[in-house]
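Residue strings, one per chain:
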Amino acid sequence: MQTTKTSPSYLGLLPYLSVSSALGLLCVSFAYSAAVESYTWAGIFLWLGWLILYIPNAARMLIPDVARSERIGIILLLGFSFFLIKAMYSPLEFKFADELQHWRTADIILQNDTLFDENFILQVSPYYPALQIVTTALSNLTGLPIFESGMIVIAMARIIFVLGLYLFFEKFSRSSHIAGIASILYMTNPHYQFLNAMFTYQAMALALLAFALFAYTRLLYRSDAGHKRGGAIVIVLALASVTVTHHVTSYFHTAMLMGWALVAIMIKQKGQKLFVPIGLALLCFSFLALWVTQVATITTEYLGESLYHVPNDVINLVERIQNPSSGGEVSTPQIPLPELLISMMAVGLISLGVMIGLFFIRRRYRKNTLATLMGIVGFGYYASIVLRFVPGGAELTGRSWPFLFIGVAFTLAVALVHLLEMRKKVWQQRLLYSMGLFGLIGIFLGSITSGWPPYWARLPGEYRVAASERSVDLQSNALGQWARESVPERTRISGSFTIYYMLGSYGEQHSVFGMGQAITSPRFGARERSLLRNAQVTYVVIDYRMTESLPKRGFYFDTGESSEIRENRIDMEALQKFESLPQTSRVYDSGVIIIYDIEDASLLP
Amino acid sequence: MAWTLLCLGVVLADIQNIPLRTVLALPVMFIFPGYAFHTVIFTEDRLNTTERFAYTIGLSFSFTILGGFVIYLSPWTLTPVPWMVYFTVIIVLFSVIAMIKRFSVDSGEPLSYNVVRNGSRTEYGLFVVAILIIGVAIWGSRLANDNRPHNGFSELWMIPQEEQDTIIVEVGFRSYEQHITTYHIEVLKDDEILLDETNIELVPSESWKVEFSVPKDVFPDEMVARLYLVDEPTTVYREVNLYPHWRWYQNTDEVILESGG
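Cut-offs applied
Residues numbered from 1 in each chain as written. Chains lettered and ligands numbered in written order. Predicted model: local features only at pLDDT ≥ 70, side-chain atom pairs only at ≥ 80, totals over all residues. Heavy atoms only, no water. Helix = DSSP H or I, 4+ residues; strand = E, 2+ residues; numbered from the N terminus. Rg over C-alpha atoms; globule rule 2.2 N^0.38 Å. Areas by Shrake-Rupley, 256 points an atom, 1.4 Å probe, with all protein chains shown as cover. Patch = residues over 30% accessible without salt bridge, like charges linked within 9 Å, V, L, I, M, F, W, Y side chains within 5 Å. Salt bridge = Lys/Arg side-chain N within 4 Å of Asp/Glu carboxyl O. Lys, Arg positive; Asp, Glu negative; His and termini not counted. Charge placed at Lys NZ, Arg CZ, Asp CG, Glu CD. Pairing = 2+ DSSP bridges. Axes fitted to C-alpha atoms, helices over the stretch in contact; angles between N-to-C directions. Buried < 20%, exposed > 50% of the residue type's maximum accessible area, 1.4 Å probe, protein only. Contact = heavy atoms within 4.5 Å. Buried area = accessible area lost by both parts, 1.4 Å probe. Core = buried A, V, L, I, M, F, W, Y, C linked by side-chain atoms within 4.5 Å. pLDDT = per-residue confidence, 0-100. Phe/Tyr/Trp six-rings, centres within 6.5 Å; stacked < 30°, edge-to-face > 60°. Parallel < 35°, antiparallel > 145°, perpendicular 65-115°, else oblique. Left-handed = near helix turned anticlockwise from the far one by under 90°. Nonpolar A, V, L, I, M, F, W, Y, C, P; charged D, E, K, R; others polar. Polar contact = N/O pair within 3.5 Å; in protein donor to acceptor, adjacent residues only side chain to side chain.

## Observations concerning the overall build of chain A
Scanning chain A from N- to C-terminus turns up 23 helices and 6 strands. Computed over the C-alpha atoms, the radius of gyration of chain A is 26 Å, within 12% of the 25 Å expected from 2.2 N^0.38 for a compact globule of 605 residues. Considering only C-alpha atoms, chain A reaches an extent of 80 × 55 × 50 Å along its principal axes. Of the roughly 22,400 Å² that chain A leaves accessible, carbon and sulfur atoms contribute 61%.

## Here we look at a negative patch on the surface
A cluster of like negative charges, contributed by B:Asp190, B:Asp191, B:Glu192 and B:Asp221, occupies part of the molecular surface. Looking at the secondary structure, you find B:Asp191 in the loop between strand 4 (181-189) and strand 5 (192-202).

## Let's talk about the sheet that holds strand 7 (residues 223-229) of chain B
All names here are of chain B. As summarised here, the arrangement of the 4 strands in space is 5-4-7-8, forming an open sheet in which the pairing is antiparallel. Single-partner strands in this sheet number two, and they are strand 5 and strand 8 (238-242). Between one strand axis and the next, the sheet turns by 15° as a mean value, whatever way the strands run. Bridge analysis of strand 4 against strand 5 gives 8 bridges, and the strand direction is antiparallel. Paired with Val187 across the bridge in strand 5 is Leu195.

## As for the pattern of salt bridges
Counted under the stated rule, the structure contains 26 salt bridges over all chains. One salt bridge connects B:Arg226 with B:Glu239, and the closest N-O pair in it is separated by 3.5 Å. Of this pair, B:Arg226 sits in strand 7 while B:Glu239 sits in strand 8, and the two are 13 residues apart along the sequence. Overall, the relative accessible area of 23% leaves B:Arg226 in the partly exposed class. Judged by its relative accessible area of 27%, B:Glu239 is partly exposed. Among the ionic contacts, a cluster of salt bridges with common partners joins A:Arg104, A:Asp107, A:Arg484, A:Glu489, A:Arg490 and A:Glu508.

## Here we look at the interface of chain A and chain B
Reports of interface size often rely on the accessible area that becomes lost once the parts have come together. Facing 109 residues of chain A, the contacting portion of chain B comprises 96 residues. Across the chain A to chain B interface the summed buried area is about 8,900 Å²; carbon plus sulfur atoms make up 66%. Together, A:Leu92, A:Leu141 and A:Leu474 form the three largest contributors to the area buried by chain A at its contact with chain B, with a combined 8%. Linking chain A with chain B are 5 salt bridges.

## Points about the nonpolar core
Core analysis: the biggest nonpolar cluster contains 205 residues, and A:Phe169, B:Phe61 and B:Phe87 have the highest contact counts within it. Per-element tally for this core: the top contributor is helix 6 (residues 146-173) of chain A, with 19 residues. Setting aside chain neighbours within four positions, we find B:Phe87 in contact with A:Leu141, B:Thr4, B:Val28, B:Met29, B:Pro33 and B:Thr64. Listed in part, the 26 residues of the second largest apolar core include A:Ile519, A:Ile542, A:Tyr556 and A:Ala601.

## Some thoughts on a nonpolar patch on the surface
All names here are of chain B. A surface patch of nonpolar side chains, about 520 Å² in accessible area, is lined by Met1, Val96, Met99, Ile100 and Phe103. You can see Val96 is positioned in helix 5 (residues 80-104). Relative accessible area serves as the criterion here: at 34%, Val96 is assigned to the partly exposed category.

## Regarding a positive patch on the surface
A cluster of like positive charges, contributed by A:Lys268, A:Arg362, A:Arg366 and A:Lys367, occupies part of the molecular surface. Within the secondary structure layout, A:Lys367 lies in the loop between helix 14 (337-364) and helix 15 (369-388).

## A look at the environment of A:Ile75
Residue and element names in this part refer to chain A. In this fold, Ile75 is placed in helix 3 (residues 68-89). Its relative accessible area of 0% is what places Ile75 among the buried residues. Put simply, Ile75 and Ala58 are 17 residues apart on the chain and 9.5 Å apart in space, counted from C-alpha to C-alpha.

## Observations regarding the sheet that holds strand 2 (residues 492-494) of chain A
Pairing is mixed in the open sheet, where 8 strands are placed in the order 3(A)-2(A)-4(A)-6(A)-5(A)-2(B)-3(B)-6(B). Whereas interior strands pair on both sides, the edge strands pair on one side only; in this sheet they are strand 3 (510-512) of chain A together with strand 6 (207-215) of chain B. Strand-to-strand, the axes of this sheet are offset by a mean angle of 25°, without reference to chain direction. One ladder, built from 11 bridges, connects strand 2 (residues 153-163) of chain B with strand 3 (residues 166-176) of chain B; its direction is antiparallel. Opposite B:Pro160, over in strand 3 of chain B, you have B:Val169 as the bridge partner. Against the sheet, helix 19 (residues 497-504) of chain A contacts strand 2, strand 3, strand 4 (539-543) and strand 6 (593-597) of chain A, and its axis sits at roughly 165° relative to strand 3 of chain A.

## Here's the deal with the confidence of the model for chain B
All names here are of chain B. Looking at chain B as a whole, the pLDDT averages 87, with 89% of positions reaching at least 70. Confidence over residues 107-116 falls short of pLDDT 50; this stretch has 22 contacts with residues more than four positions distant or in other chains. This stretch, residues 252-261, has a pLDDT under 50; its non-local contacts, to residues over four places away or in other chains, come to 14 contacts. For this predicted complex, the interface score ipTM comes out at 0.90, alongside a pTM of 0.91.

## A few points about the environment of A:Met345
With respect to the helices and strands, the residue A:Met345 is situated in helix 14. Residues A:Met345 and A:Gly439 lie 94 residues apart in sequence; the distance between their C-alpha atoms is 9.6 Å.

## Some remarks on helix 19 of chain A
Residues and elements named next belong to chain A. A large share of helix 19 lies buried, amounting to 8 of its 8 residues. Restricting attention to buried positions, one finds in helix 19 the residues Phe497, Thr498, Ile499, Tyr500, Tyr501, Met502, Leu503 and Gly504. Contacts made by the buried residues of helix 19 are with helix 4 (97-112), helix 18 (474-486), strand 2, strand 3, strand 4 and strand 6.

## Some words on the packing of aromatic side chains
One pass over the structure, following the stated rule, counts 60 aromatic pairs over all chains. Relative to B:Tyr183, the ring of B:Phe173 lies with its centre 5.0 Å away and its plane at 55°, an arrangement referred to as tilted. Taken as a pair, B:Phe173 in strand 3 and B:Tyr183 in strand 4 lie far apart in primary sequence, 10 residues in all. In this structure B:Phe173 comes out as buried when scored by relative accessible area, which is 0%. Of the residues examined, B:Tyr183 reaches a relative accessible area of 0% and is grouped as buried. An aromatic cluster is present here, built from A:Tyr54, A:Phe82, A:Phe161, A:Tyr186, A:Tyr192 and A:Phe444 joined pairwise through their rings.

## Quick notes on the packing of helix 1 (residues 14-36) of chain A against helix 2 (residues 42-62) of chain A
Residue and element names in this part refer to chain A. Interhelical geometry of helix 1 versus helix 2 gives an angle of 165° and a closest axis separation of 7 Å. Classified by the angle their axes make, helix 1 and helix 2 are roughly antiparallel. Helix 2 is crossed by helix 1, and the crossing has left-handed handedness. Contacts between helix 1 and helix 2 involve Leu17, Ser20, Ser21, Leu23, Gly24, Cys27, Val28, Phe30, Ala31, Tyr32, Ala34 and Ala35 from the first element and Ala42, Phe45, Leu46, Leu48, Gly49, Trp50, Ile52, Leu53, Pro56, Asn57 and Arg60 from the second. For the contact of helix 1 with helix 2, the residue count by class is 17 nonpolar, 5 polar and 1 charged.

## Re unusual backbone geometry
Following A:Trp452, the chain continues into A:Pro453 via a peptide bond in cis, with omega recorded as 5°. Here A:Pro453 lies in the loop between helix 17 (426-450) and helix 18. One non-glycine residue, B:Gln164, adopts positive backbone phi at about 55°. Mapped onto the secondary structure, B:Gln164 falls in the loop between strand 2 and strand 3. Here B:Gln164 falls in the exposed class, since its relative accessible area comes to 73%.

## A look at the environment of A:Ser241
If you trace the backbone, A:Ser241 turns up in helix 9 (residues 225-243). A residue is classified by how much of its surface remains accessible, and A:Ser241, at 3% relative accessible area, is buried. Sequence separation between A:Ser241 and A:Gly554 is 313 residues, and the spatial gap between their C-alpha atoms is 37 Å. When residues no more than four places from it in sequence are discounted, the contact partners of A:Ser241 are A:Leu208, B:Ser62 and B:Ile65. Of note is the side chain of A:Ser241, whose polar atom sits 3.1 Å from the side chain of B:Ser62.

## Some thoughts on the side chain of A:His253
All names here are of chain A. As for its placement among the helices and strands, His253 is situated in helix 10 (residues 247-267). What makes His253 buried here is its relative accessible area of 0%. When near neighbours in sequence (up to four residues on either side) are disregarded, His253 contacts Leu209, Ala212, Tyr216, Leu239, Val242 and Cys284.

Next up, the structure:
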């Protein structure tokens with residue numbers, strides 16, 4: 001027997017918001033097209049597009065009396081639109097270094113029809129192969145190339161990410177209003193628009209994490225035996241999927257479940273089944289331990305490098321705060337002043353909002369385990385601000401945002417919703433609503449100014465020196481294609497940062513980092529020969545365009561290069577030294593990119 | 001199930017029609033496994049539409065990931081047929097179990113809660129307009145990238161491949177110029193002309209190459225290739241060269257490296 005119910009206006013303003021969002025996307029597309037043609041006013045349309053996309057949806061989501069179905073429609077619309085913004089930036093090929101790394105892993109799987117084969121440009125990637133498994137499965141079944149298959153996979157991942165997170169928030173807050181606002185606040189995570197929409201294992205892991213969180217809460221809030229058995233199977237699948245997709249996400253996943261278990265023990269929420277969070281934490285930890293110790297043993301070494309210096313750097317920073325005259329390096333963001341002010345405003349708004357949200361969580365959700373946990377995670381935002389100023393801390397802060405913002409978004413949403421409920425008079429409600437909307441807009445703008453790409457790469461366009469995705473152009477693509485077709489696979493080649501990734505991915509070669517000193521030195525002496533010899537480099541790639549300006553990203557070759565190299569324009573004569581080296585063949589010439597075979601020259605005494 | 005079996009047939013027959021395979025494969029990968037499985041485990045459960053959708057896609061992802069490891073550990077390889085067999089088996093299995101469970105549920109079917117609403121023409125029309133605008137936006141960005149302005153250029157290369165007692169030298173060039181370009185190439189071996197060919201016309205992205213097979217014991221001191229544009233016959237447009245590698249003569253004393261640098 002089937003019951004039906006007709007419900008008027010369950011879509012609300014969603015059809016109109018769809019059109020306004022589409023117009024926002026059209027604006028962004030126009031901005032990108034204008035930027036490709038080098039029109040200087042393109043940036044205006046980019047910002048306009050973002051605002052047209054975000055503001056109407058945020059404004060609608062703030063209103064209390066909006067149907068659940070409409071809220072879900074809005075978050076899907078907005079979440080998918082942000083994915084399309086990234087897709088339109090590079091609609092024909094992957095350009096971002098992270099994507100090229102994962103493209104290569106997928107390429108290796110397609111070529112060898114097996115897993116866990118080595119990828120020189122991201123050695124840990126083959127041991128977290130879930131993204132590439134799904135992508136190559138699609139490629140195998142459809143015949144689509146990796147790029148198209150990967151875009152479809154990430155698009156589907158974005159859908160489950162948005163939906164999973166919303167359902168997770170809704171289940172334990174029991175409010176579609178809070179869940180909706182939290183979902184659109186999560187989209188102000190500075191990595192959401194680009195980094196979390198790229199063809200990377202983290203993008204997929206976050207989606208699976210959101211699905212897992214939804215599955216956990218659904219099990220928690222259902223008491224019938226039928227659901228328990230089914231829910232348990234789903235949870236095992238979800239847990240395992242996250243574990244084999246991305247290392248940092250799986251660590252956060254485990255930490256979050258452990259935190260949940262601890263909070264559950266402390267709070268003893270009425271009706272809460274303690275065995276659920278405790279069991280989940282133990283199961284997750286077991287999966288993780290098994291994977292890291294038996295399969296992905298390389299993970300510790302890979303992540304250890306990033307974390308190694310942090311404790312000392314934090315201690316040094318604290319000492320400098322206590323004793324300012326001690327000097328030393330503090331890391332500050334290098335962005336234009338207006339954007340710096342917007343970023344700082346956003347930090348201020350979030351900091352204030354989290355404080356207010358924590359107040360309401362303590363007052364109204366103190367017996368709600370997950371709400372309390374979200375508050376604790378949100379509180380971690382303050383630690384990330386401090387970490388931002390530690391040398392090397394910017395990267396760690398960036399890595400933490402996709403996870404911290406799960407708590408930050410919920411905490412801010414609680415603050416907004418309960419503030420809006422506080423006043424009954426119409427003018428007061430409107431005032432609070434306006435303030436809330438402006439706050440959302442401010443945080444959204446800050447996510448752009450603090451996020452990736454940086455201001456100089458926000459629009460596609462002509463080649464720029466050492467500018468990450470803005471250095472990927474027809475010349476570098478042609479080089480990659482040529483290397484794939486004509487150079488024996490896995491030849492050891494060294495060049496600039498962009499060349500490293502192009503040749504290591506599309507070119508199928510064994511790219512080598514760290515040869516900046518040898519390439520830019522005016523001499524080809526014993527030290528330079530030793531560097532190249534020890535790295536067993538066969539080919540050196542010289543891109544003469546590197547002499548045109550200083551590196552946009554702050555380095556030409558890799559993050560470890562000396563300040564002497566990165567702070568000075570590269571000397572043309574230094575690059576031309578390879579022309580006069582004995583036994584040095586010039587094997588490739590495209591006018592601006594020359595490749596030298598220095599294998600014999602590096603062996604000279 | 002019928003859709004899955006159709007997709008299986010297309011894959012087994014190795015039909016190379018990408019649009020057809022894409023249309024068939026997308027639901028097989030992203031909808032059917034998750035939908036069939038959650039119907040099995042939540043037969044008596046009330047799920048709203050959003051939850052069903054989330055389970056469908058999330059579980060489909062999980063089963064695809066699981067499938068990768070299953071095939072990896074099996075005697076098969078990660079190729080189209082094993083993948084399609086895997087999806088067929090799990091979809092058919094879950095579908096059959098779900099049907100059996102559904103028919104065996106007592107005293108009628110469980111209540112299923114549907115919200116049925118007829119949308120207005122305006123609302124549907126607005127969605128269509130939105131989709132069209134988005135389509136134009138995506139098409140515009142692809143078009144702009146396809147036609148992005150660039151300075152035309154050409155590549156020239158000379159790459160050796162060692163094969164026992166012979167060196168295979170590949171000399172080639174590719175055009176990325178803005179229009180059809182006519183080239184003249186000469187290849188020299190110690191100043192002796194090996195190849196001199198002119199009026200080679202290439203459209204953009206087209207390439208030309210030739211291979212020389214040179215015994216190691218008579219490999220010259222230097223090979224040179226020069227590329228000219230027919231419109232500028234006296235200007236060397238691109239140039240590459242090749243010296244013998246010492247490792248080609250590892251067991252002989254035929255090459256003596258000079259110190260320098």
